[in-house]
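Commentary on secondary and tertiary structure
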Amino acid sequence: MTPTPPRTATADAEVIPENTTEGHEWPEGVPPVGTFVRDTRRERDALVMAAIGPYVQLRGMEGGVEWDAKPADIRPLTAREELSARTWVRNAASRLRLVGQ
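Here is a short report on the structure shown in this document. (Residues numbered from 1 in each chain as written. Predicted model: local features only at pLDDT ≥ 70, side-chain atom pairs only at ≥ 80, totals over all residues. Heavy atoms only, no water.)

Comments concerning the sheet that holds strand S1 (residues 36–39)
- As summarised here, the arrangement of the 5 strands in space is S4-S3-S2-S1-S5, forming an open sheet in which the pairing is antiparallel. Each having just a single partner strand, strand S4 (67–69) and strand S5 (74–76) make up the two edges of the open sheet. Each strand of the sheet is rotated relative to its neighbour by a mean of 50°, with strand direction disregarded.
- Relative to S4, strand S3 (residues 55–60) runs antiparallel, the two sharing 3 bridges. Bridge pairing in S4 links Val56 to Ala69. (Pairing = 2+ DSSP bridges. Helix = DSSP H or I, 4+ residues; strand = E, 2+ residues; numbered from the N terminus. Axes fitted to C-alpha atoms, helices over the stretch in contact; angles between N-to-C directions.)

Written out as structure tokens, the structure reads:
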């Protein structure tokens with residue numbers, strides 16, 4: 001059985017893979033849930049949690065409270081930035097002994 005890619009919050013529920021690449025254009029300007037992005041207004045890397053109305057809800061890499069951002073204020077991480085973000089998350093999980101759960 002193959003895992004199903006996450007769904008976006010678009011009206012037609014189009015299925016979009018969660019990985020990002022440099023120069024990637026999102027349909028309708030909205031990134032899929034689970035995508036690592038950069039909020040250029042706050043200068044923070046974040047994870048897309050939802051897309052509701054004209055806003056995208058983001059949560060910082062370290063967790064905490066979500067915030068709303070306009071799609072025009074976010075961009076996909078470069079391959080190098082995404083690797084760094086995924087490494088940071090993995091190391092944080094390791095420190096908390098949550099790896100593999």
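What to know about the nonpolar core
- Core analysis: the largest hydrophobic core is formed by 10 residues, namely Val30, Val37, Ala46, Val48, Ala51, Val56, Leu58, Trp67, Ala69 and Ile74.
- The set of elements that each furnish at least two residues to this core consists of strand S2 (44–52), S3 and S4.
- With 3 residues, the single largest contributor to this core is S2. (Core = buried A, V, L, I, M, F, W, Y, C linked by side-chain atoms within 4.5 Å. Buried < 20%, exposed > 50% of the residue type's maximum accessible area, 1.4 Å probe, protein only.)

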